[in-house]
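# Remarks on the overall topology
Below, each chain spelled out in residue letters.
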Amino acid sequence: MFYKSTRNSDVKVSSAQAIAQGISKDGGLFVPSEIPSLTLEEIKEIGSMSYADRAAAVFSKYLTDFTEAELRYCVDNAYSTKNFDTESITEIAHLFDGTYMLELWHGPTCAFKDMALQILPYLLTTSAKKINLDKKIVILVATSGDTGKAALEGFKDVPGTSIMVFYPEDGVSAMQKKQMTTQEGENVGVCAIKGNFDDAQNGVKRIFTDADIAKKLNDNGMMFSSANSINWGRLAPQIIYYVSTYAQLVADNEIALGDKINVVVPTGNFGNILAAYYAKHMGVPVNKLICASNSNNVLTDFLTTGIYDRNRKFYTTISPSMDILISSNLERLLYHLCGENDATIREWFGKLATEGKYEVSEEVKKMLADEFYAGCCDDEATKTCIKEIYEKYSYTCDTHTAVAVKVYEDYVKATGDKTRTVIASTASPYKFSGSVLEALGEHKASLDEFTLVDKLADASKLPVPASLSALKDKEIRFSESVEKADMDAYVFKTLSIN
Ligand SMILES: *Cc1c(COP(=O)(O)O)cnc(C)c1O
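These lines cover the structure that appears in this document, whether it is placed above or below.

About the cut-offs
- Residues numbered from 1 in each chain as written.
- Predicted model: local features only at pLDDT ≥ 70, side-chain atom pairs only at ≥ 80, totals over all residues.
- Heavy atoms only, no water.
- Patch = residues over 30% accessible without salt bridge, like charges linked within 9 Å, V, L, I, M, F, W, Y side chains within 5 Å.
- Areas by Shrake-Rupley, 256 points an atom, 1.4 Å probe, with all protein chains shown as cover.
- Salt bridge = Lys/Arg side-chain N within 4 Å of Asp/Glu carboxyl O.
- Lys, Arg positive; Asp, Glu negative; His and termini not counted.
- Charge placed at Lys NZ, Arg CZ, Asp CG, Glu CD.
- Helix = DSSP H or I, 4+ residues; strand = E, 2+ residues; numbered from the N terminus.
- Buried < 20%, exposed > 50% of the residue type's maximum accessible area, 1.4 Å probe, protein only.
- Expected span 1.5 Å × (residues − 1).
- Polar contact = N/O pair within 3.5 Å; in protein donor to acceptor, adjacent residues only side chain to side chain.
- Pairing = 2+ DSSP bridges.
- Axes fitted to C-alpha atoms, helices over the stretch in contact; angles between N-to-C directions.
- Contact = heavy atoms within 4.5 Å.

Moving on: a negative patch on the surface. On the surface, a cluster of negative charge is contributed by Glu442, Asp448, Asp454 and Asp458. Within the element layout of this structure, Asp448 appears in the loop between helix H19 (433-439) and helix H20 (449-460). Overall, the relative accessible area of 39% leaves Asp448 in the partly exposed class.

Okay, helix H9 (residues 197-209) next. Between its first and last C-alpha, H9 extends 18 Å over 13 residues, near the 18 Å set by a 1.5 Å rise per residue. The opening residue of H9 is Asn196, an N-cap whose side-chain oxygen sits 3.0 Å from the backbone nitrogen of Asp198.

What follows concerns the sheet that holds strand S15 (residues 421-425). The six strands are arranged S4-S5-S15-S10-S11-S14 in an open sheet whose pairing can be described as mixed. Of all strands in the sheet, those bounded by a partner on one side alone are strand S4 (91-96) and strand S14 (372-376). Within this sheet the neighbouring strands show an average axis-to-axis angle of 25°, counted without direction. Alignment of strand S5 (residues 99-103) against S15, held across five bridges, turns out to be parallel. Among the inter-strand pairings, Leu102 is bridged to a residue of S15, identified as Ala424. Its contacts with the sheet place helix H12 (residues 271-282) against strand S10 (261-266), strand S11 (286-293), S14 and S15, and it is angled at close to 175° to S11.

Further remarks concern the pattern of salt bridges. Scanning the entire structure with this criterion turns up 25 salt bridges. Of the charged contacts, one joins Arg7 and Glu331 as a salt bridge, the two residues approaching to 2.8 Å between their closest N and O atoms. One end of the pair, Arg7, is in the loop between strand S1 (3-5) and strand S2 (8-13); the other, Glu331, is in helix H14 (residues 330-337), with 324 residues separating them in the sequence. Overall, the relative accessible area of 22% leaves Arg7 in the partly exposed class. One network of salt bridges, with partners in common, ties together Asp53, Arg72 and Asp76.

See the structure below:
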């Protein structure tokens, strides 16, 4: 197995190289040269394993240059009760008949990003060692809220690494901001930017691909890598929980081996749902992949018309981790769908960069319609959905997960499809206590985020994650805010180079 660039099919690197480097020099994303397969028998066997063993089984198909011992080191350090509040690492909650909530937020920062970011530092430092890289790895992250904190927790004080996180000043929740600005660790930096998530992401991409900046780092014994889902080391761990969940549902006799399921994913950067796509094409029986968006519904339009058009109003919503108009991982999907034609990808994504718009071929449109259903809902519908689920099923879900539930309900109404369905639950409701309480009709505007947490605990009866309560007594360490043009300067200053 080797990895190619979506913008140059002649690039051929090992998984260690792809993970250490993060993004290809031509600006393309690394993709596996083929999607490995899992037989139904193998999937069934996975159902009797611990999560760490499930992870090792799936990784061994993708990271073929890693030794068994290296994989064990990575999975054992990441997926244990040291970091997660449940032995099974993820939980499956039953919402209503045949509908399962896949809770991906039992890690240290209470969002699904932990599933990948708890393991990425181990994958990355192991990769660097394997390719004899003796440089300090500098991680730059653009975050819409959850990635930043999860990456900071994963990388803090990891030897040989340094991490900087940029977040949109007004684009994250009070709890997310508190989580990041109080971050501990000697190798971390956190900075707000005056702009939205796309500005932050473009700024990070620009710095990554700037040859002069790369040389400057190199001269100082450093190199960049990425913890965003453009890094294959972020995406591969996300495939695991879809395989794992299917295997678990079989083990629990909820479905029979071979039965198809639908998968619903609240989507922003298209990383999580792309992982489900990979799981499907490895052999997990999946009927529809259902892509749920908030008012930033660029993906809904794309998946239904084949026209990607980012020239539209940007909305700041109550599901901020999905407030994205450029979904980076779509590039990987389209590369696979257009027959791995790098020229086509260069053309489409060139247009996206210059005109903010491209249209895929008729053939690709057909394949998209085959694989995906897409829908969206606004903040009002999201809140109504939270209240309804709470009242009907005594289940409290966060604002992102509620978008998925609402779009799934619309899908069932539109199609009558009764296939059993897994809905990705991507954050603990406590990360967005204010909005969730407001949805339940209990919000008092002036309360601070910790009083809100207490009130939500009263309403939901869910235990408050210890990591969130602990924030209350932590000091703010990072309060800087810069223009997007000044992100380079912040990086140099933090690294003490000039
Ligand atoms: C990041 C995030 C999403 C979106 O996931 P993508 O992989 O970017 O599509 C959805 N919900 C929550 C809570 C998130 O943190």
